[in-house]
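Analysis of the macromolecular model
Each chain, letter by letter, is given below.
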Amino acid sequence: MNTRAQTSLAYGPGLLKDVLVGQPIEFVIQARNDLNENRLSGNDEFEIVIKSATDRKKEIENTLTDRGDGSYLVTY
């Protein structure tokens, strides 16, 4: 089954409100299918947009690493 955004989830310190500015931080996206099952393979495509809390027009550069097991590491 294909990955569905509405059943996938994200977690990790990079999603917390107060993060240390200027230091790399990350969070994980766990891809899930229509049955809420974790995907077991990679190669999904994601568009990640992270914006500054103080300047909502400023996008923050990030990298997405496919772990090959249905999970993806986002670092910014």
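Our structure's up above, just so we're on the same page.
The structure contained in this document is the topic of the report that follows. Just so it is clear, the structure is predicted and the values come from calculations on it, not from any experiment.

1. Comments concerning the pattern of salt bridges
Inspection of the entire model under this criterion finds two salt bridges. Residues D34 and R4 are paired through a salt bridge, measuring 2.9 Å at the closest nitrogen-oxygen approach. On the criterion of sequence distance, the pair formed by D34 in the loop between β2 (26-30) and β3 (50-51) and R4 in the segment before β1 (9-11) is long-range, its members being 30 residues apart. Judged by relative accessible area, which is 30%, R4 ranks as partly exposed.

2. So, the sheet that holds strand β6 (residues 71-75)
Strand order across the open sheet formed by four strands is β1-β2-β6-β5, with antiparallel pairing between neighbours. Of all strands in the sheet, those bounded by a partner on one side alone are β1 and β5 (63-66). Averaged over all adjacent pairs, the angle separating strand axes in this sheet is 25 degrees, with direction ignored. Bridge analysis of β5 against β6 gives four bridges, and the strand direction is antiparallel. Counted as the bridge partner of D66 is Y72 from β6.

3. Quick look at the side chain of Q30
By the element assignment, Q30 lies in strand β2. Taking relative accessible area as the criterion, Q30 reaches 12% and is therefore assigned buried. One polar contact links the side chain of Q30 to the main-chain carbonyl oxygen of G70, over a distance of 3.2 Å. Excluding residues within four positions of it along the chain, Q30 makes contact with S8, L9, Y11, N38, R39, G70 and S71.

4. Digging into the environment of M1
Structurally, M1 is set in the segment before β1. With 32 residues separating them in the primary sequence, M1 and N33 have C-alpha atoms 5.9 Å apart. Residues contacting M1, with those up to four places away along its chain left out, are N33, D34, L35 and R39.

Each value, and the rule that gives it
- Residues numbered from 1 in each chain as written.
- Predicted model: local features only at pLDDT ≥ 70, side-chain atom pairs only at ≥ 80, totals over all residues.
- Heavy atoms only, no water.
- Salt bridge = Lys/Arg side-chain N within 4 Å of Asp/Glu carboxyl O.
- Helix = DSSP H or I, 4+ residues; strand = E, 2+ residues; numbered from the N terminus.
- Buried < 20%, exposed > 50% of the residue type's maximum accessible area, 1.4 Å probe, protein only.
- Pairing = 2+ DSSP bridges.
- Axes fitted to C-alpha atoms, helices over the stretch in contact; angles between N-to-C directions.
- Polar contact = N/O pair within 3.5 Å; in protein donor to acceptor, adjacent residues only side chain to side chain.
- Contact = heavy atoms within 4.5 Å.

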